[in-house]
Amino acid sequence: MSETIFSKIIKREIPADIVYEDDDLLAFRDINPLAPVHVLVIPKVEIATVNDIQPEQAELIGKMVLAAQHIAKQEGIDEDGYRVAINCNQHGCQEVFHLHLHLMGGKQLRNLAGH
Ligand code: DGP
């Protein structure tokens, strides 16, 4: 997989507003937020898309969801609620081909039908 902008953020070659980090994961605010809280949770290992996740990475993916849970509480949006989403490839509107989970909240979101 070719290096993406997120690899440069992991290596601190470009800046990001980092809100969480551990040995496996990094989380930072989306540069183009769609909600008052819009954080991206990424694995430090390069995985291009959901299609590329291997069975032995199941624990890592679980850690991404638990990190989102932790950040939601840290951001004070856990009780009101939030959305976690992962886009995959063209129809999923994926733009950056380094796996990332979107954590969005801080306002009433539209439902998936757009209402
Ligand atoms: P997706 O469409 O799921 O691939 O979402 C990619 C997101 O990444 C998009 O919401 C904008 C965000 N993004 C792209 N480049 C940068 C960057 O350089 N810094 C930050 N913080 N976010 C970025």
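Everything here concerns the structure above.
Residues numbered from 1 in each chain as written. Predicted model: local features only at pLDDT ≥ 70, side-chain atom pairs only at ≥ 80, totals over all residues. Heavy atoms only, no water.

What about unusual backbone geometry?
Next, step 1: In this structure, N89 takes a positive phi of about 60° despite not being glycine.
Next, step 2: Tracing the chain through its elements places N89 in the loop between strand 4 (82-85) and strand 5 (101-105).
Next, step 3: A positive phi is found at C93, a non-glycine position, where the angle reads about 65°.
Next, step 4: Topologically, C93 is positioned in the loop between strand 4 and strand 5. (Helix = DSSP H or I, 4+ residues; strand = E, 2+ residues; numbered from the N terminus.)

Overview of the site of the ligand
Next, step 1: Not every one of the 15 residues close to the ligand is listed here, only the nearest: D30, C93, E95, H100 and H102.
Next, step 2: Expressed as a share of its isolated accessible area of 510 Å², the protein-covered part of the ligand is 85%.
Next, step 3: Of all the elements in the fold, those that place two or more residues in the shell around the ligand are helix 1 (5-10) and strand 2 (25-29).
Next, step 4: With three residues, helix 1 is the largest single contributor of residues to the shell around the ligand.
Next, step 5: Here the residues of the shell around the ligand are counted per class, giving eight nonpolar, four polar and three charged. (Near = heavy atom within 4 Å. Areas by Shrake-Rupley, 256 points an atom, 1.4 Å probe, with all protein chains shown as cover. Nonpolar A, V, L, I, M, F, W, Y, C, P; charged D, E, K, R; others polar.)

Structural notes on the sheet that holds strand 5
Next, step 1: Here we have five strands laid out as an open sheet, ordered 1-2-3-5-4, and antiparallel in their pairing. Strands with a single pairing partner mark the edges of an open sheet, and in this sheet they are strand 1 (18-21) and strand 4. When strand polarity is set aside, the average angle formed by the axes of neighbouring strands in this sheet is 15°.
Next, step 2: As judged from the five bridges shared by strand 2 and strand 3 (residues 37-43), these two strands associate in the antiparallel manner. Bridge assignment links L26 to a residue of strand 3, and that residue is I42. (Pairing = 2+ DSSP bridges. Axes fitted to C-alpha atoms, helices over the stretch in contact; angles between N-to-C directions.)

Topic: the pattern of salt bridges
Pairs may arise between side chains of opposite charge once their charged atoms sit close together.
Next, step 1: Throughout the structure, instances matching the rule amount to eight salt bridges.
Next, step 2: A salt bridge links R29 to D17, with the nearest nitrogen and oxygen atoms 3.2 Å apart. Taken together, the residues R29 in strand 2 and D17 in the loop between helix 1 and strand 1 connect sequence positions twelve residues apart.
Next, step 3: In this structure D17 comes out as partly exposed when scored by relative accessible area, which is 43%.
Next, step 4: A salt bridge links D24 to K63, with the shortest nitrogen-to-oxygen separation between them at 2.9 Å. Here K63 lies in helix 2 (residues 58-74) and D24 lies in the loop between strand 1 and strand 2, a separation of 39 residues in the sequence.
Next, step 5: A residue is classified by how much of its surface remains accessible, and D24, at 29% relative accessible area, is partly exposed.
Next, step 6: One continuous salt-bridge network, built from bridges that share partners, spans E3, K8, K11 and E13. (Salt bridge = Lys/Arg side-chain N within 4 Å of Asp/Glu carboxyl O. Buried < 20%, exposed > 50% of the residue type's maximum accessible area, 1.4 Å probe, protein only.)

From the geometry alone we can't say anything about function, so treat these as descriptive.
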